[in-house]
Amino acid sequence: MVAAAVLLLSACSSTMETGGTAAGGEERGSLTYASDQTPDTFNPAMLVEHTNPVTEMVFRGLVAHDADNEVVPALATDWTVSDDGLTYEFTLREDVTWHDGEPFTADDVVFTLQGVRDPAAEAAVAANFAAVSDVTAADDTHVRIALSEPSAPLLDVLTMGILPEHALGDSSVTDPDFGIAPVGTGPFRLVDFKNDQYAKLVVFDDFYAGAPGLEEVIITYVPDSTARAVQLANGEVDAAYVDPQQAQAVRDDDALSLQVFPIADYRGLLLNMERPVFADPALRQALNYAVDRDALVEAVVLGFGKPATSPLGMSDLEDPDLAPYTFDPDTVRELMTSAGYTRSDQGPWTKDGEPVSFTISTFAEDSVRVGLLEVVTTQLKEQGFDVTAQPLPRDAVEWADLDAFVIGWGTPYHPDTSLFAPFHSSQALTAGGSNLGSYSNAEVDAALMAGRRGETGAYVDFQQAIAIDPPYVWLVYLQALNAFPASFSGPTERTLEHHGFGLFWDVETWHWE
């Protein structure tokens, strides 16, 4: 698969290949970047976990995030919010054109936001707009969004790319064909895509913020980290997402620059709540005390991260009064014994004659997750849990069939954008959502809904509830590592999303020096 991608790319790309002139008169070049994940779609209406680089380059939302992850204008020039928080009014730019030449208007905004709210569309982002009651256009440049109740994360979720009514009006905002051949208003337009191989984008010279500094960007999809490192070393790609084990080699190469960015990303052990073995909260607490997170940081991520204690540990909303889980074998024994489990000699914990036994899986292509899986399995076995490690190819993962899984999640935006989907009971896997462990807790649900309304203390309540009834075994927070040419300018550092996505947020400013 990798070889095929390289052969296909060789005809259209080489390092610093030029093919146009930027606004300042300098020659523009081409950049090839090796990513670790192939997206299922480029349609922003179907992306709830993170935004892939192609979607990020092709689309623009009403608003965007700046280097500090603050909300700033994008397709909207400004907005006002009513005193009761129930009405948002946006003024739109008048100089925006879709990639196919059609003008962007307020009708596109109404079409997009009404469309993702339509239950028939089954848009992945629908829950983000649950508080929206109506969207109307006063004219081509003014949009009014009415809410049924205040929505604290609304501006953050309005960074979602707006969709073209003229291209989708006869189908749906979730049209699968559009998902792989999108039309947007961003700085680059998609001209070629081979699933699991590459996506080729070329500059959109009519981009409203000015012509970008690159002629084209090619994203290659290389899930194996070793293959990405080989391509980077051989010059087959210009830049790549790299793993901690490859960091020193990048630093030793004078032609490359290792970019280490903060990332609101955690790894945790997701527990399938449909499995009886995980019914007891005391057992799940004990599992959290059985993990030596400092050892994980040292042995697996090589210092590019820190111990994880909750899904909000990279946020200033973390509850300072809540004692984090630490490695504590004595507490493991106390919790298990008090809950009626027994252990003889060096055997496993049992209850009613049945051992505490389960299998942990993860994506076999992800070397960091596999490393975490192997070390965590050893640690849990040492504390008396009968666990088995079973890495699986990504396309073989069936979430409902898993006992436990080394999962990842996280965004640096409003907490709702990284908490509601994986932890609210309405989003359970069994209901078609992203709560992959089908976790359900009434106090957690109430806290998450209060957080959506902007109520003070909601996320403290959330953290206290999941400490008592943990949905995951928290492992580590990560940093995003990328290798770029030393002679290349960009990207600008900011706190990134899960898997380091969000890297291309300012791609229009990138250029060869």
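All figures in this text were calculated on a predicted structure; none of them were measured in a lab.

Caption draft 1: Up close: helix α14 (residues 442–452). Listed as buried for α14 are Val444, Asp445, Ala447, Leu448, Ala450, Gly451 and Arg452. Buried residues along α14 sit against α13 (416–423) and α15 (458–468). The opening residue of α14, the one whose side-chain oxygen lies 2.8 Å from the backbone nitrogen of Glu443, is Asn441. Just past α14, the residue Gly454 takes up positive phi, approximately 85°.

Caption draft 2: Layout of the packing of aromatic side chains. Under the counting rule described, the total for this entry stands at 25 aromatic pairs. Both rings, one in Phe193 and one in Tyr221, keep their centres 6.4 Å apart while their planes meet at 80°; by these two values the pair is edge-to-face. Of this pair, Phe193 sits in strand β9 (residues 188–194) while Tyr221 sits in strand β11 (residues 214–221), placing them 28 residues apart in sequence. An angle of 75° between the planes, with centres 4.9 Å apart, marks the rings of Tyr289 and Tyr325 as edge-to-face. In this pair, Tyr289 sits in helix α9 (residues 281–289) while Tyr325 sits in the loop between β14 (305–307) and α11 (329–338), placing the two residues 36 residues apart along the sequence. Classification of Tyr325 by relative accessible area gives buried; the value is 9%. Members of the aromatic cluster, each reached through a chain of ring pairs, are Tyr33, Phe484, Phe488, Phe504, Trp510 and Trp512. In this arrangement the basic side chain of Arg394 is found over the ring face of Phe363, its NZ or CZ atom lying 3.9 Å from the centre.

Caption draft 3: A look at the side chain of Thr411. Among the secondary structure elements, Thr411 is positioned in the loop between β19 (404–409) and α13. Polar contacts involving the side chain of Thr411 include one to the side chain of Thr417, which spans 2.6 Å. Those residues in contact with Thr411, other than ones at most four positions away along the chain, are Glu49, Ala264, Thr417 and Ser418.

Caption draft 4: Quick look at a negative patch on the surface. Residues Glu94, Asp107, Asp139, Asp140 and Glu165 make up a contiguous surface patch of negative charge. Looking at the secondary structure, you find Glu165 in helix α5 (residues 165–168). The exposure class of Glu165 is partly exposed, given its relative accessible area of 35%.

Caption draft 5: Focus on the confidence of the model for the protein. Residue-level pLDDT values for the protein average 92, and 95% of them are 70 or greater. Across residues 1–25, where pLDDT falls below 50, the model places 48 contacts with residues more than four positions away in sequence or in other chains.

Caption draft 6: Local environment of helix α12 (residues 367–382). Counted at 1.5 Å a residue, the expected span for α12 with its 16 residues is 22 Å, and the 23 Å between its end C-alpha atoms agrees. Within the sequence span of α12, burial applies to Val368, Arg369, Val370, Gly371, Leu372, Leu373, Val376, Thr377, Gln379 and Leu380. Of the residues flanking the start of α12, the one acting as N-cap is Asp366, its side-chain oxygen 3.1 Å from the backbone nitrogen of Val368. Just past α12, the residue Gly384 takes up positive phi, approximately 95°.

Caption draft 7: Region of interest: the sheet that holds strand β6 (residues 87–92). The 4 strands lie next to each other as β5-β6-β8-β7, forming an open sheet whose pairing is antiparallel. For this open sheet the edge positions go to β5 (76–81) and β7 (132–139), each flanked by a neighbour on one side alone. If you compare each strand with its neighbour and ignore which way they point, the axes differ by 20° on average. Pairing between β6 and strand β8 (residues 142–147): 5 bridges, direction antiparallel. Paired with Thr87 across the strands is Ala146, a residue of β8. This element, helix α3 (residues 106–117), spans β6, β7 and β8 of the sheet and lies at about 165° to β7.

Caption draft 8: Looking closely at the pattern of salt bridges. Applying the stated criterion across every chain, the model contains 12 salt bridges. Put simply, Glu508 and Arg60 hold a salt bridge, and the shortest N to O gap is 3.3 Å. You can see Glu508 sitting in the loop between β21 (488–489) and β22 (511–512) and its partner Arg60 sitting in the loop between α2 (53–58) and β3 (63–65), a full 448 residues away along the chain. Accessibility expressed as a relative area gives 22% for Glu508, which makes it partly exposed. Of the charged contacts, one joins Arg453 and Glu455 as a salt bridge, the two residues approaching to 2.8 Å between their closest N and O atoms.

Caption draft 9: Examining the nonpolar core more closely. Phe90, Phe129, Ile145, Leu158, Leu380, Phe385 and Phe462 are the most contacted members of the largest nonpolar core, which has 136 residues in total. Ranked by residue count, the leading element in this core is strand β20 (residues 472–485), at 9 residues. Leu232, Ala247, Val250 and Leu481 belong to the second largest nonpolar core, which has 14 residues in total.

Caption draft 10: Structural view of the environment of Pro355. Within the secondary structure, Pro355 sits in strand β16 (residues 354–355). Under the relative-accessibility criterion, Pro355 is labelled partly exposed at 36%. Taking the C-alpha atoms as reference points, Pro355 and Phe261, 94 residues apart in sequence, are found 42 Å from one another. With sequence-adjacent residues up to four places away left out, Pro355 is seen in contact with Pro348, Trp349 and Thr350.

Caption draft 11: The arrangement of unusual backbone geometry in detail. Looking along the chain, the bond that leaves Gly490 and enters Pro491 is cis, with omega of 0°. If you trace the backbone, Pro491 turns up in the loop between β21 and β22. Even without being a glycine, Asp352 presents a positive backbone phi close to 55°. Looking at the element boundaries, Asp352 is found in the loop between β15 (350–351) and β16. The backbone of Ser438 sits at a positive phi, close to 50°, despite the residue not being glycine.

Caption draft 12: The packing of α13 against α14, seen in detail. Viewed as axis vectors pointing N to C, α13 and α14 meet at an angle of 150°, and their least axial separation amounts to 11 Å. When the axes of α13 and α14 are compared, the pair comes out roughly antiparallel. α14 is crossed by α13, and the crossing has left-handed handedness. Contacts from Asp416, Leu419, Phe420 and Phe423 in α13 reach Val444, Asp445, Leu448, Met449 and Arg452 in α14.

What counts and what doesn't
- Residues numbered from 1 in each chain as written.
- Predicted model: local features only at pLDDT ≥ 70, side-chain atom pairs only at ≥ 80, totals over all residues.
- Heavy atoms only, no water.
- Buried < 20%, exposed > 50% of the residue type's maximum accessible area, 1.4 Å probe, protein only.
- Helix = DSSP H or I, 4+ residues; strand = E, 2+ residues; numbered from the N terminus.
- Contact = heavy atoms within 4.5 Å.
- Polar contact = N/O pair within 3.5 Å; in protein donor to acceptor, adjacent residues only side chain to side chain.
- Phe/Tyr/Trp six-rings, centres within 6.5 Å; stacked < 30°, edge-to-face > 60°.
- Lys NZ or Arg CZ within 6 Å of the ring centre and 35° of its normal.
- Patch = residues over 30% accessible without salt bridge, like charges linked within 9 Å, V, L, I, M, F, W, Y side chains within 5 Å.
- Areas by Shrake-Rupley, 256 points an atom, 1.4 Å probe, with all protein chains shown as cover.
- Salt bridge = Lys/Arg side-chain N within 4 Å of Asp/Glu carboxyl O.
- Lys, Arg positive; Asp, Glu negative; His and termini not counted.
- Charge placed at Lys NZ, Arg CZ, Asp CG, Glu CD.
- pLDDT = per-residue confidence, 0-100.
- Expected span 1.5 Å × (residues − 1).
- Pairing = 2+ DSSP bridges.
- Axes fitted to C-alpha atoms, helices over the stretch in contact; angles between N-to-C directions.
- Core = buried A, V, L, I, M, F, W, Y, C linked by side-chain atoms within 4.5 Å.
- Parallel < 35°, antiparallel > 145°, perpendicular 65-115°, else oblique.
- Left-handed = near helix turned anticlockwise from the far one by under 90°.

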